Amino acid sequence: MTEHTRNDGLIFYVNGKKIMEKNPDPEAMLLSYVRQKLRLTGTKNGCGGGGCGACTVMVSRYDPESKTINHFSVNACLLPVCQLHGAAVTTVEGIGSTKNKIHPVQERIAKAHGTQCGFCTPGMVMSMYTLLRNNPQPTLEEITDGLAGNLCRCTGYRPIVDGFKTFCESENCCQNGAVNETACCMANGNGSKEPMDNGNLELFSKDDLLPLDPTQDLIFPPELMLMADSLDQTTQKFVGERMTWISPGSLDELLQLKADYPQAPIVMGNTNIGLDIKFKGIFHPIIISPTRVPELFKVSQKPEGVCVGAGCSMSVLKSVLERNCSSFPQENTHMFRALLQQINLVGGQPIRNVATLGGNIASAYPNSDLTPVLAAGRCTLVALSKEGRRRVPIDKDFFLGFAKTALKPDEIVLSVFIPASRKDEIVQAFRHAPRKENALATVNAGMRVWFIENSNVVKEISIYYGGVGPTILSADQACEQIVGRPWEETTLNDAYGMLVDDISLGASAPGGKVEFRRSLTLSLLFKFNLHVLQYLKEKDVTLSEIPKEMQSAIQPLPKHIHPSYQEFQNVLENQPVQDPVGRPVMHRTALSQATGEAVYCDDLPHTDCELFLGIVTSSRPHAKITHIDFSEALNLPGVVDVVTAKDIPGKKFRTFTGFDEELLAEHEVSCVGQMVCAVVADSKAHAKRGAAAVKIGYEDLQDRIFTFEEAIEKQSFFLPRRTIERGNVEKGLEEAEQVHEGEIRIGGQEHFYLETQSFLVIPVGEEKEMKVYLSTQHPAFAQEAVAETLNIPSNRVSCHVKRLGGAFGGKVTKTSILASITAVAAWKTGRPVRCVLERGEDMLITGGRHPVWGKYKVGFTKDGRITAADFQYYANSGNTADESVLVVEKILLHLDNAYNIPNLRGKSAACKTNLPSNTAFRGFGVPQCMLVVENMISDVALKLGRLPEEIREINMYKEVSLTHYKMEFDPENLVRCWDDCKEKAEFQRRRQAIDMFNQQNQYKKRGIAIIPIKYGVGFSEGFLNQAAALVHIYKDGSVLVSHGGAEMGQGIHTKIQQVASRELNIPASLIHISETSTECVPNTCPSAASFGTDANGMAVQDACQILYKRLEPIRKKNPNGTWQNWVMTAFLEKISLSATGYYRGHDLDMDWEKQEGKPYAYFTYAVCCSEVELDCLTGEYRTLRTDIVVDVGRSINPSIDIGQIEGAFMQGLGLYTMEEIKFSPSGVLYTRGPGQYKIPAFCDVPLKFNVYLLAGSSNPLAIYSSKGIGEPAVFLGSSVFFAIKDALTAARKDAGLSGPFILNSPATPERACLACATRFTKMVSQSESRSTSGSAQPWALDI
Ligand SMILES: Cc1cc2nc3c(=O)[nH]c(=O)nc-3n(C[C@H](O)[C@H](O)[C@H](O)COP(=O)(O)OP(=O)(O)OC[C@H]3O[C@@H](n4cnc5c(N)ncnc54)[C@H](O)[C@@H]3O)c2cc1C
Ligand code: FES
Ligand code: FES
């Protein structure tokens, strides 16, 4: 229990309601407080570490000095409740609801189709809402900046931007965006003037949107104003179970506290210390939080510069600097501008709103964006303690090492002085990060040079780098080379030479990317050189110009979003208005998602006596378990029990494709992260502490296998290994005019569904019944798993899935294992048990997409015709088979992609390694294998000196053909997509423009690629294509539809509602879908393989047609009656108003012995063209434009299908260009959250993003002529990869290199930069080869 030393405790408001917390828990964050204590579950937990924005809320405070109310967005997961005194918190529930009135922000994201799974939506809504509270008519750029901290894994962001930009005033919108060739995106529909082949409609109408109405906003509580005016200076102290929170009211008291408790941290924004406590397990018994000490927030301006209180947030600092930029003479503002540039990219807006200047400096972490600039820019700080104050320069002597400064333990940073730049002094800041926004820098720098008046001779120079060591680094030797000399090429060349030695990163330096980071230090100095030359020229100090082809090297990459265009088939003219099929109907629960009312598994209310499960995982990659000691854990407060394999009453393993996977390891572990046991406690915090206290004894086993090479050497595979062949490959290769051998490695991918794996298992209390609420794509599979684990019949287990916050294939196999473990805990304790994985646990335990190594030998003619190709694929499956064998089979079925290669062979192997097991992921191996064949095409083109699109076109299937497994198909629509895409993307014109651009620019290159796809839809295991449904009509005419598909954002329930509406001929509003439950529809198949709507739509159609037929006699008797009349009459006439529907599915199969079959129902075709601009000095790129043409047959719902296409494209873009999973040399996963693992964000959306659904297409093989589209479009993201490769080809040409080259996936800035082979990367690689540290073990495994 907690106690407090203030009578009135903590006073704050949430959504207009006053809260008095006498005993706030010092360890509680606002997120758990609103979700658990206040039951406001709209605010979501996506990562718990400030990196995803799902928990965004608005905090408002009254400033008595300026008499203004300040609103700011914050991440509730990092905001301690104890800091809330005097604040008004607004959560998504506080701005609107479907019961009363929705807010325009909620309405617009919903109507613009900006929600899919909806888990990120409340956070998006609150970021936008806060922006509008401060600025009711923002520009498009302000909107995207305001949303930079919010991640979405489903939508691809475009519809969110489209929905929110309706708040822009037209003149605010595209004029700022410098869109010259098209109208403003506010001007009409989607803002395009492009032709409409399909008779396109708008995806949503802007005409009937609710206006922004400030009277709808909650007023700021007057009581809080009075409290703020009274300047309460009493100390607040809250004592919790383990931690004491002290908030001093005055500076003197703060200094006294620091003297009394020198080891106690100062918590300001909690963005650093909060992460340490949460993720590194660092514990502080005492916390000092001086957020009410006014001196820490003082800002004073002098002619020499500005003094900023250390407690000022980045956002406040930003406005101070902006003010200075306009109030100081231009030539004195270099330092302010440099700092501003960095601040704008620190985290996302919610982080900038709380992270403080003092916290940033005192944290002394090596990637701080501020400290290199502060150091280079001659800044000083005031350090204060009871002993007195001292002014300390912020420089290399202040930063002593990782997280170490020269501050004494009892000192605080009071303020920072930022000097104005002097005459003839320039300061520049640089930053390179793995993602353009909301990512810690890989390398950053602050550089300052001061010239002797009216000359180019350097009087003073200072260069600091961040990200290249344990603390920031001063390039002393390079500076020595420059000082006293004129700023010219020879001086700089000497400096580059010295810099290579200044920055000595060992091969195993934490963070890896050693060669890249070193070359960045050089190229950033080169960029500074260009800036300085430009400055000197402008000042007429030198006459020499920057060479024309280098000028773009210091231009930022394009950033402004252009209007995008979505085209889809119109419905037939005679289709009744009421019939929703084919129309862009909004996701059926979009409004509930936008208001936070949509219920996800962890939003279910806590049940009586509920317990929480914490999982204990292996810390060894391969070891015998010698003992498990949980005595300490059992003695901890709140811990109730521990569950091990011995407690499992039934089957202790799950069987996937013939391989057993233990639920909990009993004798041996085979990867770090394998589940060993679980701790059950009365709260999440107690379960977590309990789990941390379990001690497992290991005896390491020597034979560890991590990499492909190790697996191949030891022949460590899951069998069978498959082969497929057509023609005669040997002969084809022999007869070819040229033969080439190549390879590519494709890294894995984390699902990063925003909602982590979640379960609630409730023992009913009699006859061994269990109710399981969970987030799975396959409820029937979880039911079977739980029943077998508990050794009870399936009829005692009911699984319920309301919705999932994303899945992408990751919520099937591991989910069934986790559900089983949770069920064992509920079984053993007889109490309800909840298990919700934290982001880091989820990433560690559940695996992801298989990394694949593809090797090939290809034979071709001089004119580009491929005559033979021989592929070998290895997939890194991890420690268990899971679905790996099926994945490598699917790889072989798609190895041809869209190409008719007469002699073709593929062999695949699923490598068994000691890494966490990989599993299904959208595309199921296809995104990997298709990259291999496309890379082969690119190699052939490079070999022949031809363009890749020519080789693609020459080899593409063009007429009715047989695949390599002898399935006949007609590629007509593939060819139409190709031609359409080339035309719509103006491919030829842009190819020429790009050539021109590349000739004129040395360090910026553009590239373009157009990529086709032929994707088989359906399960090759025929029985998985069946589906069933249950439809009830109630006496009031309302209809309840149940079917086997799970709603995970793909919009299946919306499409099913459309199907039922058409079949029953009633408005969709009469049809409800509540959940997916094994009680309503048994023995369902997974919602996967892009087949959910195909199968379940048919089953629902069947049930509805049965019912409609039953009502026929009644309708005939009373043709003018209403639906409700007919239903009531049917009831009175004893006609059953309930029916099941069934769909047998296609009889698909694949005979691997004969190497032939019909594994797919049909093919979905698509073609995508992307153009990028690449900065060769940093490897950073922007996707300037993407055009996608997709054949989805006749879309049931174009907005949903376009959403799937855009979302999958962005996921593919992440896979092929950004997302990197990193393991330590001993197999420990490093990438366990959004901080380390970067998925695409708003900044990564193509600046122009057009999607066209192919006109005039249909598909007799699926419901209403539609086609499955959930998975195929992932591969379209590879067009960005190949566009980067195209740009690299141009860069390499300048470096005198030609022909095929290896670019592995993802094509990260690191890989792209090194492939450019600039003079700087060459300098580093020469110095690396000279260095002796070559044998050191790299920081990360190269799997
Ligand atoms: C998601 C995320 C993204 C981020 N992105 C970036 C980025 O892009 N660039 C970047 O530079 N940073 C980034 N950061 C880091 C962030 O800027 C720093 O964590 C922040 O500035 C620290 O300030 P704070 O007020 O939150 O410190 P706190 O976490 O409250 O405190 C941190 C440490 O500083 C000490 N301290 C705080 N104030 C004082 C003081 N006045 N005197 C003495 N000691 C003090 C505390 O004792 C504590 O040890 C990111 C952080 C997160 C969570
Ligand atoms: S949950 Fe708070 S930012 Fe992710
Ligand atoms: S809709 Fe954004 S994460 Fe699913």
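It should be emphasised that the depicted structure is a prediction, and the values quoted were computed from it without experimental measurement. (Residues numbered from 1 in each chain as written. Chains lettered and ligands numbered in written order. Predicted model: local features only at pLDDT ≥ 70, side-chain atom pairs only at ≥ 80, totals over all residues. Heavy atoms only, no water.)

> Any chance you could break down the overall build of the chain for me, citing the residues and the numbers?
A count of helices and strands for the chain gives 38 helices and 51 strands. Along the three orthogonal principal directions, the C-alpha set of the chain runs to about 95 × 85 × 70 Å. The proportion of buried residues among the 1343 residues of the chain is 65%. On the chain, roughly 46500 Å² of surface is accessible, and the fraction owed to carbon and sulfur atoms is 51%. Side-chain charges in the chain split into 138 positive and 151 negative, and the spacing between the mean points of these groups amounts to 1 Å. (Helix = DSSP H or I, 4+ residues; strand = E, 2+ residues; numbered from the N terminus. Buried < 20%, exposed > 50% of the residue type's maximum accessible area, 1.4 Å probe, protein only. Areas by Shrake-Rupley, 256 points an atom, 1.4 Å probe, with all protein chains shown as cover. Lys, Arg positive; Asp, Glu negative; His and termini not counted. Charge placed at Lys NZ, Arg CZ, Asp CG, Glu CD.)

> Before we move on, could you go through the site of ligand 1 and cite the residues and values that matter?
With respect to spatial proximity, 33 residues lie near ligand 1, and among them Met268, Thr271, Thr356, Tyr365 and Asp369 are the closest. At a separation of 2.8 Å, an oxygen atom of ligand 1 approaches a polar backbone atom of Asn272. Within the side chain of Arg431, one N or O atom sits 3.0 Å away from an oxygen atom of ligand 1. If ligand 1 stood free it would expose 970 Å²; the protein chains cover 91% of that surface. Put simply, the parts of the chain that give the shell around ligand 1 at least two residues each are helix 9 (273–279), helix 13 (357–363) and strand 16 (412–419). The element that contributes the greatest number of residues to the shell around ligand 1 is helix 13, accounting for 5 residues. For the shell around ligand 1, the residue count by class is 18 nonpolar, 13 polar and 2 charged. (Near = heavy atom within 4 Å. Polar contact = N/O pair within 3.5 Å; in protein donor to acceptor, adjacent residues only side chain to side chain. Nonpolar A, V, L, I, M, F, W, Y, C, P; charged D, E, K, R; others polar.)

> An account of helix 36 (residues 1278–1294) is requested, with residue identities and associated values reported.
The end-to-end C-alpha distance of helix 36 is 25 Å, a good match for the 24 Å that 17 residues give at a rise of 1.5 Å each. Among the 17 residues in helix 36, 14 count as buried, and that is most of the element. One or two positions beyond helix 36, positive phi appears at Gly1296, with a value near 80 degrees. (Expected span 1.5 Å × (residues − 1).)

> Tell me about the sheet that holds strand 38 (residues 903–912), residues and numbers included.
Two strands in a sheet stick together by hydrogen bonds in their backbones, pointing the same way (parallel) or opposite ways (antiparallel). On the basis of which strands lie adjacent, the open sheet formed by 5 strands has the order 30-38-37-36-31 and mixed pairing. Of all strands in the sheet, those bounded by a partner on one side alone are strand 30 (717–726) and strand 31 (738–746). Averaged over all adjacent pairs, the angle separating strand axes in this sheet is 10 degrees, with direction ignored. Bridge count between strand 36 (residues 852–860) and strand 37 (residues 866–878): 9 bridges; the pairing is antiparallel. For Gly854, the partnering residue across the bridge sits in strand 37 and is Tyr873. (Pairing = 2+ DSSP bridges. Axes fitted to C-alpha atoms, helices over the stretch in contact; angles between N-to-C directions.)

> I'd like to hear about the packing of aromatic side chains, residue by residue, with values.
Going through the model one piece at a time under the given rule, you end up with 29 aromatic pairs. With centroids separated by 5.3 Å and ring planes inclined at 85 degrees, the aromatic side chains of Phe659 and Phe718 adopt a geometry described as edge-to-face. With Phe659 in strand 26 (residues 659–662) and Phe718 in strand 30, this residue pair connects regions lying 59 residues apart in the sequence. Owing to a relative accessible area of 25%, Phe659 belongs among the partly exposed residues under this scheme. (Phe/Tyr/Trp six-rings, centres within 6.5 Å; stacked < 30°, edge-to-face > 60°.)

> How would you explain the side chain of Ser552 if you had to name every residue and give the values?
By secondary structure assignment, the location of Ser552 is in the loop between helix 17 (514–538) and strand 21 (566–567). Among the polar contacts listed, one links the side chain of Ser552 to the side chain of Asn1001, at a separation of 2.7 Å. If near-sequence neighbours (up to four positions away) are discounted, Ser552 is found in contact with Asn1001 and Lys1004. (Contact = heavy atoms within 4.5 Å.)

> An account of the packing of helix 27 (residues 926–944) against helix 28 (residues 948–955) is requested, with residue identities and associated values reported.
Relative to each other, helix 27 and helix 28 sit at 115 degrees, their axes nearing to 8 Å. Judged by the twist between their axes, the crossing of helix 27 over helix 28 is right-handed. Listed contacts from helix 28 to Glu934, Ile937, Val940, Ala941 and Leu944 of helix 27 are Pro948, Ile951 and Arg952. Its residues assigned to classes, the contact of helix 27 with helix 28 comprises 6 nonpolar, no polar and 2 charged. (Left-handed = near helix turned anticlockwise from the far one by under 90°.)

> Give me the environment of Ser1265: which residues, what numbers.
Summarising the element assignment, Ser1265 is placed in the loop between strand 51 (1248–1253) and helix 36. Excluding its chain neighbours within four sequence positions, the residues that come into contact with Ser1265 are Val1192, Gly1193, Arg1194, Ser1258, Asn1259 and Pro1260.

> I'd like a description of the packing of helix 16 (residues 489–502) against helix 17, backed by residues and values.
Two elements in contact, helix 16 and helix 17, have axes separated by 10 Å at closest approach and are oriented at 160 degrees. The angle between the axes of helix 16 and helix 17 places the two elements in the roughly antiparallel class. Read as a crossing pair, helix 16 and helix 17 show a hand that is right-handed. Residues Leu492, Ala495, Tyr496, Leu499 and Val500 of helix 16 touch helix 17, and the partners they reach there are Arg518, Thr521, Leu522, Leu525, Phe526 and Asn529. The residue makeup of the contact of helix 16 with helix 17, split by class, is 8 nonpolar, 2 polar and 1 charged. (Parallel < 35°, antiparallel > 145°, perpendicular 65-115°, else oblique.)

> So, a nonpolar patch on the surface: which residues are in play, and what are the values?
The grouping of Met1128, Phe1131 and Leu1132 at the surface amounts to a nonpolar patch, some 290 Å² of accessible area in total. With respect to the helices and strands, the residue Phe1131 is situated in helix 34 (residues 1123–1132). (Patch = residues over 30% accessible without salt bridge, like charges linked within 9 Å, V, L, I, M, F, W, Y side chains within 5 Å. Salt bridge = Lys/Arg side-chain N within 4 Å of Asp/Glu carboxyl O.)

> Account for the pattern of salt bridges, naming residues and giving values.
Oppositely charged side chains can pair when the atoms bearing their charge come close. This model, assessed by the stated rule, comprises 76 salt bridges. We note a salt bridge from Arg991 to Glu949, for which the minimum N-O separation is 2.8 Å. Taken together, the residues Arg991 in helix 30 (residues 987–1000) and Glu949 in helix 28 connect sequence positions 42 residues apart. The pair Arg991 / Glu949 is uniform in exposure class, with both members buried. Arg990 serves as the salt-bridge partner of Glu1171, at 2.9 Å between the closest nitrogen and oxygen. Of the two residues, Glu1171 sits in strand 49 (residues 1162–1175) while Arg990 sits in helix 30, which places them 181 residues apart along the sequence. Across the pair, exposure class does not vary: Glu1171 and Arg990 are buried alike.

> Can you explain the environment of Asn900? Please cite residues and give values.
Mapped onto the fold, Asn900 is located in the loop between helix 26 (884–893) and strand 38. Here Asn900 falls in the partly exposed class, since its relative accessible area comes to 26%. Sequence separation between Asn900 and Ser385 is 515 residues, and the spatial gap between their C-alpha atoms is 76 Å. If sequence neighbours within four positions are ignored, Asn900 has contacts with Arg726, Arg865, Asn955, Met956, Tyr957 and Ser961. In terms of polar contacts, Asn900 uses its side chain to reach the side chain of Arg726, at 3.5 Å.

> Lay out the sheet that holds strand 13 (residues 388–393) in plain terms, naming residues and giving numbers.
Taken in spatial order, the 5 strands line up as 10-11-16-12-13 in an open sheet, and their pairing is antiparallel. In this open sheet, the two edge strands, each paired with only one partner strand, are strand 10 (299–302) and strand 13. This sheet shows a mean twist of 20 degrees between the axes of neighbouring strands, independent of strand direction. Sheet topology places strand 10 next to strand 11 (residues 305–309); 4 bridges connect them, and they run antiparallel.

> An account of the side chain of Arg726 is requested, with residue identities and associated values reported.
Structurally, Arg726 can be placed in strand 30. Notably, Arg726 is buried but unbridged: the nearest opposite-charge side chain belongs to Asp896, and the N-O separation is 5.3 Å. For Arg726, the residues in contact, after removing those within four places along its chain, are Tyr899, Asn900, Ile901, Pro902, Asn903, Leu904, Tyr957, Leu962, Thr963 and His964.

> So what's going on with the environment of Leu664? Residues and values would help.
Mapping Leu664 onto the fold places it in the loop between strand 26 and strand 27 (668–669). Since its relative accessible area comes to 2%, Leu664 is described here as buried. Leu664 has contacts with Val643, Thr644, Ala645, Met675, Val676, Cys677 and Ile821, leaving out every residue within four places of it along the chain.

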